[in-house]
Amino acid sequence: MKPKLLIVLALLISSNSIAQDLPGLKKIAEPQNGVSFIHKDKSNTVWIGLGGLNYNLQYSNFGLKRYSNNQLIAEYNQGSFTAALETDSELLITAINGLYTYSGDSMLINSTLTGLTSITKYKDSIWIGSIDQGLFSKKNNSYHKYSIVIDGVKYDSIHSVCGSNNNLYIGTTKGLIQYKDGIFTKIEIPFTNTGEVYYNELQKVIVAMQMDGYGRLWFLNANRLDSLSCLYVLENNTVVKAHTLYKNDCNTKANFPFSSFHLNRSEWGHILMGTYWGITDISDEVSHLILNSNMNNVFSLESANSSSIPQSLAYEAKDGKLYASIYTGIFELDPTLYNNQHMKEVLSSSINNRNTLDINDLSIGINNDGSLFSRSDFVDAVENPPTFRSKSIGCLNAHHTAALWMGGLNSSTKNLHLAAQTYKQRGSDYLPGPVNTTTMIYDSIISKQYNQVWKVDRETIDDFRKNRLNSGYIIPSSILDWPGNSPANYTNPMAPYVDVDNNGVYDPTQGDYPKIKGDQMLWWVFNDLGIHGETGGRSLGAQINASAYAYKDIRLTPSDPNFIINRTMFVDYTVFNSSMNTYDDFLIGIMNDIDLGFYGDDMVSCDTLENAGFGFNASNFDPGKDGFGKNPPMVFCKFMNQKMDYFMTYSNSPGGNNGFPLNPNTFYAYLQSSFYFKDTIRSNNPYQITGYPCSLAPASQLNDVRFLMSSKQNTFAPGTQKTLSFSYILVHDPNIDFLKDSCDKPKQSIQKIQNWYDADSFPRKPYWPASIPEIGKNDLIVFPNPSNSKVFVKAENPIQSIEVFSSNGQLLLSMRSIDSNLIEMDTCDFAEGIYILKAVSDGTIIRKTFIKLNE
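Residues numbered from 1 in each chain as written. Predicted model: local features only at pLDDT ≥ 70, side-chain atom pairs only at ≥ 80, totals over all residues. Heavy atoms only, no water.

Draft legend 1. Local environment of the overall build of the protein. Looking only at helices and strands, the protein has eleven helices and 61 strands in total. Classification of the 855 residues of the protein by burial places 57% in the buried group. Long-range contacts, defined here as pairs at least 24 residues apart, represent 62% of the contacts in the protein between residues at least 6 apart. (Helix = DSSP H or I, 4+ residues; strand = E, 2+ residues; numbered from the N terminus. Buried < 20%, exposed > 50% of the residue type's maximum accessible area, 1.4 Å probe, protein only. Contact = heavy atoms within 4.5 Å.)

Draft legend 2. Region of the structure containing the side chain of Asp572. Considering the arrangement of structural elements, one finds Asp572 in strand E44 (residues 568–577). Polar contacts involving the side chain of Asp572 include one to the side chain of Ser725, which spans 2.7 Å. Contacts of Asp572, omitting those with residues within four sequence positions, involve Lys517, Asn545, Ala546, Ser547, Tyr549, Leu724 and Ser725. (Polar contact = N/O pair within 3.5 Å; in protein donor to acceptor, adjacent residues only side chain to side chain.)

Draft legend 3. Seen up close, the nonpolar core. If you look at the biggest cluster of nonpolar residues, it comprises 51 residues, and the most contacted ones within it are Met406, Trp524, Met569, Tyr573, Ile590, Phe726 and Tyr728. No other element matches the five residues that strand E43 (residues 542–550) contributes to this core. The residues contacting Phe726, other than those within four sequence positions of it, are Leu372, Met569, Phe570, Val571, Tyr573, Ile590, Cys637, Lys638, Phe639 and Met640. Among the nonpolar cores identified, the runner-up in size contains 44 residues, and Trp454, Phe636, Cys743 and Ile753 belong to it. (Core = buried A, V, L, I, M, F, W, Y, C linked by side-chain atoms within 4.5 Å.)

Draft legend 4. Geometry of the environment of Ser111. Checked against the element boundaries, Ser111 lands in the loop between strand E10 (106–110) and strand E11 (116–122). In this structure, Ser111 is in contact with Asn97 and Gly98, ignoring residues within four places of it in sequence.

Draft legend 5. Local environment of the environment of Lys65. By secondary structure assignment, the location of Lys65 is in strand E5 (residues 63–68). Note: C-alpha distance between Lys65 and Ile38 (27 residues apart in sequence) is 9.7 Å. Lys65 has contacts with Gln32, Val46, Trp47, Ile48, Leu50, Leu72, Ile73, Ala74 and Glu75, leaving out every residue within four places of it along the chain. Within the structure, the side chain of Lys65 is placed 2.8 Å from the side chain of Gln32, a separation counted as a polar contact.

Draft legend 6. Representation of the pattern of salt bridges. What the rule picks out here adds up to 21 salt bridges. Between Glu534 and Arg426 there is a salt bridge; the shortest N-O distance is 3.9 Å. Of this pair, Glu534 sits in the loop between strand E42 (520–527) and E43 while Arg426 sits in the loop between strand E37 (416–419) and strand E38 (431–432), and the two are 108 residues apart along the sequence. Judged by its relative accessible area of 1%, Glu534 falls in the buried class. Between Glu824 and Lys765 there is a salt bridge, with its nearest N and O atoms 2.1 Å apart. With Glu824 in strand E59 (residues 820–826) and Lys765 in the loop between helix H11 (744–759) and strand E56 (780–783), this residue pair connects regions lying 59 residues apart in the sequence. (Salt bridge = Lys/Arg side-chain N within 4 Å of Asp/Glu carboxyl O.)

Draft legend 7. A look at the packing of aromatic side chains. Applying the stated criterion to the full structure yields 47 aromatic pairs. Pairing Tyr551 with Phe570 gives two aromatic rings, centres 6.2 Å apart and planes at 85°, and the pair type is edge-to-face. On the criterion of sequence distance, the pair formed by Tyr551 in the loop between E43 and E44 and Phe570 in strand E44 is long-range, its members being 19 residues apart. Neither residue differs from the other here; Tyr551 and Phe570 are each classed as buried. Look at Phe726 and Tyr728: their rings are 5.8 Å apart centre to centre, the planes differ by 80°, and that puts the pair in the edge-to-face class. (Phe/Tyr/Trp six-rings, centres within 6.5 Å; stacked < 30°, edge-to-face > 60°.)

Draft legend 8. Representation of the sheet that holds strand E20 (residues 183–187) within the structure. An order of E17-E18-E19-E20 is seen for the four strands of this open sheet, with the pairing classed as antiparallel. Because the sheet does not close on itself, it has two edges, and the strands there are strand E17 (158–163) and E20. Mean inter-strand twist for the sheet, computed between neighbouring axes without regard to direction, equals 25°. The pairing of strand E19 (residues 175–180) with E20 spans five bridges and is antiparallel. Looking at E20, one finds that Gln178 is bridged to Thr185. (Pairing = 2+ DSSP bridges. Axes fitted to C-alpha atoms, helices over the stretch in contact; angles between N-to-C directions.)

Draft legend 9. Representation of helix H10 (residues 664–671) within the structure. When you tally the buried positions in H10, you get six out of eight residues, the bulk of the element. When H10 is considered as a whole, its buried residues turn out to be Thr666, Phe667, Tyr668, Ala669, Tyr670 and Leu671. In the segment just after H10, Ser673 is the residue with positive phi, at about 55°.

Draft legend 10. Expanded view of the pairing of strand E30 (residues 321–326). Taking burial as the measure, the six residues of E30 include five buried ones, the bulk of the element. Where E30 meets strand E31 (residues 329–333), five bridges bridge the pair, whose relative direction is antiparallel. Within E31, the position partnered with Ile326 by the bridge is Gly329.

Draft legend 11. A look at the sheet that holds E5. Pairing is antiparallel across the open sheet formed by four strands, whose spatial order is E3-E4-E5-E6. On the outer flanks of this sheet lie strand E3 (37–40) and strand E6 (71–76), each paired with one strand and no other. Recorded for the sheet is a direction-independent mean angle of 20° between the axes of neighbouring strands. Across five bridges, strand E4 (residues 46–50) lies against E5 in antiparallel orientation. Bridge pairing in E5 links Ile48 to Lys65.

Draft legend 12. Helix H2 (residues 197–204), seen in detail. Of the positions making up H2, those classed as buried are Tyr199, Asn200, Leu202 and Gln203. For H2, the arc enclosing every buried residue in end-on projection is 160°, short of the 170-degree limit, so these residues lie on one face. In this structure, the buried side of H2 is in contact with strand E21 (206–211), strand E22 (217–221) and strand E23 (231–235). (Arc of directions from axis to C-beta.)

Draft legend 13. Focus on the side chain of Asn545. With respect to the helices, strands and loops of the structure, Asn545 is situated in strand E43. Here the side chain of Asn545 touches Gln543 through a polar contact of 2.9 Å, side chain to side chain.

Draft legend 14. Structural view of the pairing of E6. Bridge count between E5 and E6: five bridges; the pairing is antiparallel. Across the sheet, Ser68 pairs through a bridge with Gln71, a residue of E6.

Below, the structure written as structure tokens:
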């Protein structure tokens, strides 16, 4: 049975006082260093081993503790205690200095066995793995030592052992070994050749194993590269990378755990794995227990280059409870008391609202925090990845994050005012909601009300316009809740709408409806009134009305050149200067961190004539579990209504002429493709690349590169507005190597988008009617009626011809030699009004009327 996804979130807030108040959560100990296991024995004593494996593959040396009668007692203050196994009569604990046996109230040690790392039961014996000493078995208090040699290679350094009904599995530093009927056999594993001996060798180190309820062996290696798999499954004598079991489940595949050192099996047969956000429960369903929702703390817990002990990696399920060690303590959790509603209530003040543009082939997440795509809230990041993908290509992410940058000089004081966003690691420059133009003071109540991203489809609007007066019709919430009206003392316009009764108030009950672009549109509003934690810049007093929209044409396939419309998203940022300041040398731009599949091999470039920047792969193969493989795509960010005056790349490391910006002057310099040095903006920054992949050298000057494209707006006066319209275009052809083949395809694709934009005429076939009405004998129907862009005509018998007349008798459309029962007519160019349709079907003339509505 293949696992499927059901995300169930549980939250352990990092604040101890809050954590204690959560139902089903009990803190049993302060944080412990190097936890290797937590085991609750039959007497309800909780044993905590402090011999955890670190990134240098060394075991910690902090001893053994037990929790009993609400007290934490140090059994040993030193020693590397690595694993525990309980039999009917005793508790066995392995340690580097020997095997400990606890029975009754006494603890005995067998120090003749050393380097012990793991323990399991197989058939009628206890089996123990060790470092450098091989494999031991224990039966009736007698011990036997095995030295594992296969094809002349010795496998005596063991980190993990796991017994099943039929086999014993041994995880060594050189691979996975199976023991059955007295024979040791090496199991071949599909490791990835990284090109580096160090990482290739780490993949062979099997550090943890467990058998699930279906008899499948799950095992972890010591890999710490997030581009590679570390978790594998052995089923029916075949090893597969665990994430491939979820290849059609984008959420699970994107957030499948990596870089861990522990696996456990719950008493109900699930696999429990520690991750840097908490615990993942793997079975037919996959659930995440999030033990830390603070992103900064989460990502500081583990580092690929760290030799510290990983956290959130030790746990056991016993009597329906989970025991977990995280950086704030050791906890007992009852998962049955957690649910999504409880999680949302706890996080209601911190989750940034978000929505998804998904009308065409793209699925793209949008935040109301000044950023696009990537998530600011970690709970949402675990629950809803990926953020920018093509449905037809699969679950792979094509873009990480993008954000609005803008700044200018106060014409009176010459002070710099600037707002920008990167990853919110130091705070945010933007807040949800509009600007009170009377007070110019941030209002937290209004901000909370507008901490949303609204979404509406054209199909919903068309249905509303057609049926709103019908009995029983219920106005959809996407129309009813559309934020068309401004709050009191807020004078900037809000979400656009069609004011049917011309009274200046958005009221769907009177026929008003959202005015959108595309076949689906998202709308949100934010400002820069708060403290600029990201940049440290002075506020501009700006309100940003934002929208993202897309078109779809269901007639097209990915091989059609026009299919590019189905892989394009448009964004409009309209910035209102709500302050009393005039800003000179005002610039507005978009920062892009395009993580195209595997992020470590991305390059960027630009086309100055097409006002576009783009990301592409440095080779024609994008590697790893997150990679696109052969012939990866390109992602364009293209200005639609402004000239791209500047293009700049910068790295993810601080400092230098193109490092991560750390002060407002550097942000502003980057907007001008320059750098800031000794109180001066220096131009002619060399970190710019121009040209398409097939015209560039296949090596990047930067690693994990970002790019910034900007437009110079000169003066930005009070009470005026600036609109930046741009698009994201995913260009992909599985048969084209963009590094070597012609540059024409990507350039032609983005030119198509610009031409359609300039003509305001896009390929569109957003939806077929949900159902085709029944017709009577020798009759004909026209639907939908009213219509705003097209009508369908259906007859019982084939239609030979159609003519459409205006209400005053003018012939507007003539179609001959049709010979079909169902046809489609485009009425986009018709004015609003009543029209007469004359059709000839099976020799009979039939006349019908239909109504055309404007957009």
